[in-house]
Amino acid sequence: MITVLIRCSDDYRVLDCISSIKLTSPHSPVVVSMTPNKKLQNAVVKTGVNLCIVPRHNAAITNNKGLKLVKTKKVIVTDADTVFENGTISLLNKALENYDVVKPRLIFRSETNSPYLSPVANLRTFFND
């Protein structure tokens, strides 16, 4: 079993991330480590995932406090804007049986046909490969 730790700061896309995890890997525990935002916190709590609140502007604390809530030996650490495709979490879980660390290929998507956003998404994908 693998846990998904989501790092979040005022990003409502975390709800889409949680939904994609529950849809594609319903048995995977989910932990959200997020900065204070009462409205977003309430929405996250309603999804039934584990939640911890961390101070703003401190990525190390965000990671470490979230990792303290993880109960499995394997974990995916991701950001709130991630959407998991079907089979992704399962593939990462299997890969972690053979390797200590696995880095998946990230594909950055642009929701619009903006002449500026698509090249940025393409560059982000290129530099993360």
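It should be noted that the structure appears before, not after, this text.
The sections below set out a description of the structure shown in this document. (Residues numbered from 1 in each chain as written. Predicted model: local features only at pLDDT ≥ 70, side-chain atom pairs only at ≥ 80, totals over all residues. Heavy atoms only, no water.)

With that settled, the discussion passes to the nonpolar core. Counting residues in hydrophobic clusters, the biggest one holds 20 residues, and the most contacted among them are Ile6, Val14, Ile18, Ile21, Val32 and Val44. With near-sequence residues (within four places) excluded, Val32 lies in contact with Ile6, Cys8, Val14, Ile18, Val44, Val49, Asn50, Leu51 and Cys52. (Core = buried A, V, L, I, M, F, W, Y, C linked by side-chain atoms within 4.5 Å. Buried < 20%, exposed > 50% of the residue type's maximum accessible area, 1.4 Å probe, protein only. Contact = heavy atoms within 4.5 Å.)

Moving on, we get to the environment of Gly48. With respect to the helices and strands, the residue Gly48 is situated in the loop between α2 (38-46) and β3 (50-53). For the pair Gly48 and Val30, spaced 18 residues apart in sequence, the C-alpha separation works out to 8.8 Å. (Helix = DSSP H or I, 4+ residues; strand = E, 2+ residues; numbered from the N terminus.)

Roughly 190 Å³ of volume is contained in the second largest pocket. In terms of lining, the second largest pocket is formed by 14 residues, of which the most central are Arg7, Cys8, Ser9, Ala59 and Thr62. When residues of the lining of the second largest pocket are traced back to their parent elements, those giving at least two are β1 (2-8) and α3 (59-68). A breakdown of the residues in the lining of the second largest pocket according to their chemical character gives four nonpolar, five polar and five charged. (1 Å grid on protein atoms, 1.4 Å probe; cavity = no way out; pocket = protein on both sides within 12 Å on 5 of 7 lines; lining within 4 Å. Points joined across faces, edges and corners; volume = space filled by probe spheres on them. Nonpolar A, V, L, I, M, F, W, Y, C, P; charged D, E, K, R; others polar.)

The subject of this paragraph is helix α1 (residues 14-24). If you check which residues of α1 are buried, you get Val14, Cys17, Ile18, Ser20, Ile21 and Thr24. In an axial view of α1, the angular spread of the buried residues amounts to 160 degrees, which keeps them on one side of the axis. (Arc of directions from axis to C-beta.)

Quick look at the sheet that holds strand β4 (residues 74-79) now. Spatially, four strands are ordered β3-β2-β1-β4 in an open sheet, and the strand pairing comes out parallel. Edge positions in the sheet fall to β3 and β4, since each of these pairs with one other strand and no more. The mean angle between the axes of side-by-side strands here comes to 20 degrees, regardless of whether they run parallel or antiparallel. With five bridges joining them, β1 and strand β2 (residues 30-34) adopt parallel strand pairing. Directly across from Val4, in β2, lies its bridge partner Val30. Strand contacts of α3: β1, β2, β3 and β4, with the helix running at about 145 degrees to β1, the strand carrying the most contacts. (Pairing = 2+ DSSP bridges. Axes fitted to C-alpha atoms, helices over the stretch in contact; angles between N-to-C directions.)

Our focus in this paragraph is helix α4 (residues 88-95). Those residues of α4 not exposed but buried are Ile89, Leu92 and Asn93. Each buried residue of α4 lies within a common arc of 100 degrees when the element is viewed along its axis, so the set occupies one face. Projecting away from the buried face of α4 at angles above 90 degrees are the exposed residues Leu91 and Lys94.

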